[in-house]
Amino acid sequence: MKDGKSLHGSNKLSFNSTAIYTLLILLSFYIGYFYAASSSSSSTADNNDNNLPDSPLATTTATATAMTLPAELDNFRASPNCAANPLPTRQIRQTLIDRVYGGTSPFSDFPPPHVAGSLRHKCLKGWGSTTPVFRHLLEEVRPEVIIEVGTFLGASTVHMAKLARELGLDDTVILCIDDFRGWAGFREEFPFIKQVNGAVTLLYQFMQNAVYTNVTDSVLPLPFSAGSTLSVLCEWGVTADLIEIDAGHEFTSIWSDLNRAYRLLRPGGVMFGHDYFLVGDRRSVRRAVHLFAQMYGHTVQIDGQHWVLRTS
C-alpha cells in the first residue's frame, strides 16, 4: 500500500505539472498575439503621421489612400445653398450696405462719440500683410471683388486697397469678414485695443485705420462669424475673383472657411492664405489646404509664406 500511494502521488504530480506548463504556453501565446496586434496599429498610426506633407509639392498620402471614391468625398463638401444668379459686381457693395447696415454706410459719422477717445489715429498691425504675394495676385487676377476672411486691424486690407489703386483698379471692392472680437487673451498682446463696457474696440480701430488711409470707398466690414457670413453671401449671390483665407488656423476652422468661400469664387478665380509654414503645425492649415485641393483637383502652389489655389 505504501508503494501504491507513492506511485499514485507521483502520477498526480506529473499531471499537474503538465497542465500548468500547457497553460503557461497558451497564456504566452495570447499575450504575444495581442501585443503584436497593438504594435501593428501603433505602427500604422505612426506611418500615417509621417505621410503629412513636408514640402510645397508633397501631398497627404494618408488621406489620398483613405478617400478615393467621389461618394466619400461628397460627404465633406459644403451644400450649395446659393443664389441661381450672381449679383452684378457694381451692385454688391450697395446691396450689402442695404441689407447689413440698413442703407447707411458704417463709415458715416464715424467715429461714434462713445469710442472716439479709445482709438488711435492709425494702428496697422498684421502678419505677412505686405508680402509680394498680394501684388502678384492683384496683377494676375485684376479682381473686381476681393473677399478677405480674417481682417483683424486691416493691414492687408489697406495694402490691397492701395495696390488696387496703383494698378488702376479703382472700382475694386474688398469685403472684410471678421467678427472683430479677436481671441481670448489677445489683449495681452495688444493692450492698446481698448474695451468699452467689456466690448473690444477692434472693429472701430479697423474702421479708423480705413478712414486714416482713405480707403473707405473700397472696403466694407462684415462683422460676423466667417461661416455664417460666407453662407449668407452665397445665398445673396455675392461672388469674388480673389479670396484670402486667414482667420482661424485650426483644421476645422480653415476647412469650413475653404469650403464655404469656394462657392463664392468666380470661374478662374484664386484663393490664397497665410501660415502654410506655421511652426509646429502640420495638422491644420497645411493639411486642410492639401485635402481641399485633392477634393477639387487643384494644385497647391506656394508664394513665400502663403499658399495659393488657382482654379483656372
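Residue positions are given per chain, counted from 1 along the sequence in the order it is written. Residues qualify for local features only when their pLDDT is at least 70, as the model is predicted, and side-chain atom pairs are given and counted only at 80 or more; totals for whole chains, interfaces and linings, by contrast, use all residues. For the side-chain quantities, the full set of heavy atoms in the structure was used; hydrogens and water were omitted.

Caption draft 1: Geometry of helix 12 (residues 285-296). Over its 12 residues, helix 12 runs 17 Å from end to end, which matches the ideal 16 Å to within 8%, given 1.5 Å per residue. Categorising residues by exposure relies on relative accessible area from a 1.4 Å probe, with only protein chains included: less than 20% of the type maximum marks a residue as buried, more than 50% marks it as exposed, and the intermediate range marks it as partly exposed. Elements are defined by DSSP. Helices are runs of H or I of four residues or more, strands are runs of E of two residues or more, and each kind is numbered from the N terminus. Buried residues of helix 12: V285, R286, R287, A288, V289, H290, L291, F292, A293 and M295, and no others. Note on helix 12: the residue one or two positions beyond its end, G297, has a positive phi of about 75°. Here a helix's expected span is defined as the number of its residues, less one, multiplied by 1.5 Å.

Caption draft 2: Region of the structure containing the sheet that holds strand 8 (residues 300-303). Two strands qualify as a pair provided DSSP detects at least 2 bridges between them. Strands sit in the order 5-2-1-6-7-9-8 across an open sheet of seven strands; the sheet is mixed. The sheet terminates laterally at strand 5 (219-222) and strand 8, the two strands that pair on one side only. The mean inter-strand angle of the sheet, taken between neighbouring strand axes irrespective of direction, is 20°. Direction of pairing for strand 1 (residues 145-149) relative to strand 2 (residues 173-177): parallel, over a ladder of five bridges. Bridging across to strand 2, I146 finds its partner in I174. Helix axes are fitted only over the stretch in contact, all axes being lines through C-alpha atoms; the angle between N-to-C directions runs from 0 to 180 degrees.

Caption draft 3: Spatial organisation of the packing of helix 6 (residues 132-141) against helix 7 (residues 155-166). It is the contact of helix 6 with helix 7, at a shortest axis distance of 10 Å, that shows an interaxial angle of 40°. Overall, the two elements helix 6 and helix 7 adopt an arrangement that is oblique. Crossing handedness for the pair helix 6 and helix 7: right-handed. Counting all contacts with helix 6, which are made through F134, R135 and L138, the residues of helix 7 involved are S156, H159, M160, L163, A164 and E166. Throughout this entry, Asp, Glu, Lys and Arg are counted as charged residues, while Ala, Val, Leu, Ile, Met, Phe, Trp, Tyr, Cys and Pro are counted as nonpolar. The remaining residues, Gly among them, count as polar. For the contact of helix 6 with helix 7, the class distribution of residues is five nonpolar, two polar and two charged. Should an angle fall under 35 degrees it is taken as roughly parallel, and over 145 as roughly antiparallel, whereas 65 to 115 is taken as roughly perpendicular and any remaining angle as oblique. Here is the rule for handedness: rotate from the far helix to the near one, and if that takes an anticlockwise turn smaller than a right angle the crossing is left-handed, while a clockwise turn gives right-handed. Note on contacts: a residue pair qualifies if any of its non-hydrogen atoms lie within 4.5 Å across the two residues.

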